[in-house]
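Summary of structural features
These are the residues of each chain, in order.
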Amino acid sequence: MTAKPPARHKPAPAGLHPRNRHQGQYDFAALIAACPALKPHVKANPYGLPSIDFANPQAVKLLNRALLAQQYGVQQWDIPSGYLCPPIPGRADYIHALADLLAGPGGTVPRGSQIRLLDIGTGANLVYPLLAHAEYGWDCVGSDIDLPALDNAQAILEANPSFAAYIALRHQTRDDAMFSGIWQKGERFDLTLCNPPFHASRAAAAAGSERKWRNLGKDKQLASARAPALNFGGRDRELCYPGGEVAFVSRMIEDSRRFARQCLWFTSLVSSADSLPALQAALRHAGVKQSQLVAMAQGQKRSRVLVWSFLDQAARQAWVAGRSQQDSRDASAC
C-alpha cells in the first residue's frame, strides 16, 4: 500500500512582499465564514490540506470574493462571466511595491487620500483600487475602454460605500490613447499603474493558458478538450493588443509625455523579460529622467514593474515636500 504523503503546510510563495497579507496557507475556515458559497469548492489536496481546484473558474472567483471580504472588507464583489479574475496575492504585491516606491529607501510609506493613483484598464474586477484604498487609504481613479466592465465596477462601488467615496471611474473612449482623454486638465497623480494585455493575439493567449493548465496537472482535460480555455478568464481587450505588451506599454510611454509634469511615477507590469530592450528604448526616446525595474515573484512566476518619471531628483523631492506641507495644513485644520 502506498503511504499517504505527510500533511504539511505549503510554504509562502517565494518573493511575496513582506507586507502582503497572503503569506503561507490560506485560512479556509475564515474564508468560508466570509463567503459560504466557497465551501463546496474546498477539498483536501494530496497533502491532506484544504485547497481549491485552481483550474475551476468559479472556484477561483469565489476564492477572490472570500479574500476580498475577509482580508480587505470588500462586500458583494462579483464579475460577469468571461471577465478577468485576477489572483489577489499578486495584485497586492504590485500595490505594496508602489508603496515602497513612494516611501523611497528607508522612508515611510505615505498613507491617506493625499496620494492619488490612476489605474489604466481597471476592468470589471476593480481589484487594484480596492486594494490600494484598503491597504493605504489612497484616492484612486480607475479607467477602462470597456463600458460593461465599468458598469460592473460601479456596481461593486455601490455595494461598498466606504470605498466609493475614494474611488472614481472614467471611460476611455479612445483606442489610440491610455492617459489622453481621461486625465483632466491640471490634474496630478502620484502614481499610475497598469496590468497591460500581454498577448498579441487570442491564439497566443490560449497557448499561455495551456501552459498554465499543464502546470496545474490538467493534461488529460486539455487532451479531451473538456477544460475551459482560461481559468482566470479574460476578454480580448484584457488579454490581447496588436503587438502585445511591447506595443501597448510603448504607446503608454509615448502618451505619458503629455502629462510629464503631472505625475510623480508612471508604472506598468511587464510579463516578459524579452520585452524590456524595446521598452527601455521607448523610455530613452521619450526623454524620461529616471527609470527602474522592480522585480516581482510569486512562486515560479516571475514578473517585473517598469517605473519611469519625467521629473528629475530635485523636482521629485519638491513634489514630496509639497505633499508633506499639505498634510501639515490638513492636520492643523482638524
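Heads up: these notes are all about the structure in this document.

About the criteria used
Residues numbered from 1 in each chain as written. Predicted model: local features only at pLDDT ≥ 70, side-chain atom pairs only at ≥ 80, totals over all residues. Heavy atoms only, no water. Helix = DSSP H or I, 4+ residues; strand = E, 2+ residues; numbered from the N terminus. Buried < 20%, exposed > 50% of the residue type's maximum accessible area, 1.4 Å probe, protein only. Areas by Shrake-Rupley, 256 points an atom, 1.4 Å probe, with all protein chains shown as cover. Phe/Tyr/Trp six-rings, centres within 6.5 Å; stacked < 30°, edge-to-face > 60°. Contact = heavy atoms within 4.5 Å. Expected span 1.5 Å × (residues − 1). Core = buried A, V, L, I, M, F, W, Y, C linked by side-chain atoms within 4.5 Å. Salt bridge = Lys/Arg side-chain N within 4 Å of Asp/Glu carboxyl O. Right-handed = clockwise from strand over helix to strand, strands pointing away. Pairing = 2+ DSSP bridges. Polar contact = N/O pair within 3.5 Å; in protein donor to acceptor, adjacent residues only side chain to side chain. Axes fitted to C-alpha atoms, helices over the stretch in contact; angles between N-to-C directions. Parallel < 35°, antiparallel > 145°, perpendicular 65-115°, else oblique. Left-handed = near helix turned anticlockwise from the far one by under 90°.

**Section: the overall build of the protein**
- What the protein contains, in helices and strands, is 12 helices and 9 strands.
- When the 334 residues of the protein are sorted by exposure, 47% land in the buried category.
- For the protein, the exposed area adds up to about 16000 Å²; of that, 52% sits on carbon and sulfur atoms.

**Notes on the packing of aromatic side chains**
- The full count for this structure, using the stated rule, is 12 aromatic pairs.
- Judged by centre distance (6.1 Å) and plane angle (45°), the ring pair of Trp 183 and Phe 266 falls under tilted. With Trp 183 in the loop between strand E5 (167-171) and strand E6 (189-194) and Phe 266 in strand E7 (residues 263-270), this residue pair connects regions lying 83 residues apart in the sequence. Comparing Trp 183 with Phe 266 shows no difference in burial state: the two are buried.

**Section: the environment of Ala 134**
- Along the polypeptide, Ala 134 turns up in helix H4 (residues 127-136).
- Taking the relative accessible area as the measure of exposure, Ala 134 reaches 25% and is therefore partly exposed.
- Counting along the chain gives 66 residues from Ala 134 to Leu 68, while the straight-line C-alpha distance between them is 9.7 Å.
- Apart from the residues lying within four places of it in its own chain, the contact partners of Ala 134 are Arg 21, Tyr 72 and Phe 163.

**Let's talk about helix H3 (residues 88-103)**
- With 16 residues, H3 ought to run about 22 Å at 1.5 Å a step, and its terminal C-alpha atoms sit 23 Å apart, in line with that.
- Where burial is concerned, most of H3 is hidden: 15 out of the 16 residues are buried.
- After H3 finishes, the residue Gly 104 shows a positive phi value of roughly 75°.

**Points about the environment of Pro 36**
- Position of Pro 36 relative to the elements: it lies in the loop between helix H1 (28-34) and strand E1 (43-44).
- We classify Pro 36 as exposed; its relative accessible area is 57%.
- Between the C-alpha atom of Pro 36 and that of Leu 62, which follows or precedes it by 26 residues, the distance is 9.2 Å.

**A look at the nonpolar core**
- Core analysis: the largest hydrophobic core is formed by 58 residues, its most contacted members being Leu 38, Trp 77, Ile 95, Leu 117 and Trp 138.
- Residue contributions to this core peak at 9 residues, all from H3.
- Residues Ile 182, Val 270, Ala 282 and Leu 283 belong to the second largest nonpolar core, which totals 28 residues.

**Some details on the pattern of salt bridges**
- The full count for this structure, using the stated rule, is 10 salt bridges.
- Across the salt bridge formed by Glu 254 and Arg 257, the nearest N and O atoms sit 3.3 Å from each other.
- Among the charged side chains, a salt-bridge network with shared partners connects Arg 116, Asp 139, Arg 170 and Glu 187.

**Regarding unusual backbone geometry**
- One non-glycine residue with positive phi stands out, namely Gln 76, at about 55°.
- Its place among the elements puts Gln 76 in the loop between helix H2 (57-72) and H3.
- Positive phi, close to 60°, is recorded for Leu 126, a residue that is not glycine.
- Within the secondary structure layout, Leu 126 lies in the loop between strand E3 (116-120) and H4.
- Judged by relative accessible area, which is 0%, Leu 126 ranks as buried.

**Overview of the pairing of strand E4 (residues 139-144)**
- Burial within E4 is extensive, with 6 of its 6 residues counted as buried.
- Residues of E4 alternate between two faces, with Asp 139, Val 141 and Ser 143 on one and Cys 140, Gly 142 and Asp 144 on the opposite face, all of them buried.
- Regarding the hand of the β-α-β motif, the stretch spanning E3, H4 and E4 is right-handed.
- Here E4 pairs with E5 via 5 bridges, running parallel. Bridged to Val 141 within E5 is Ala 168.

**Some details on the side chain of Asn 20**
- One can find Asn 20 in the segment before H1.
- In terms of polar contacts, Asn 20 uses its side chain to reach the backbone carbonyl oxygen of Pro 89, at 3.0 Å.
- Non-local contacts of Asn 20, meaning those with residues more than four positions away in its chain, are made with Pro 89, Ala 92, Asp 93 and His 96.

**Details of the packing of helix H10 (residues 244-256) against helix H11 (residues 276-286)**
- For the pair H10 and H11, interaxial distance at closest approach is 10 Å and the crossing angle is 15°. Classified by the angle between their axes, H10 and H11 sit roughly parallel to one another. For H10 against H11, the interelement crossing comes out right-handed. Side by side, H10 and H11 meet where Glu 245, Val 246, Val 249, Ser 250, Ile 253 and Glu 254 of the first sit next to Ala 278, Leu 279, Ala 282, Leu 283, His 285 and Ala 286 of the second.

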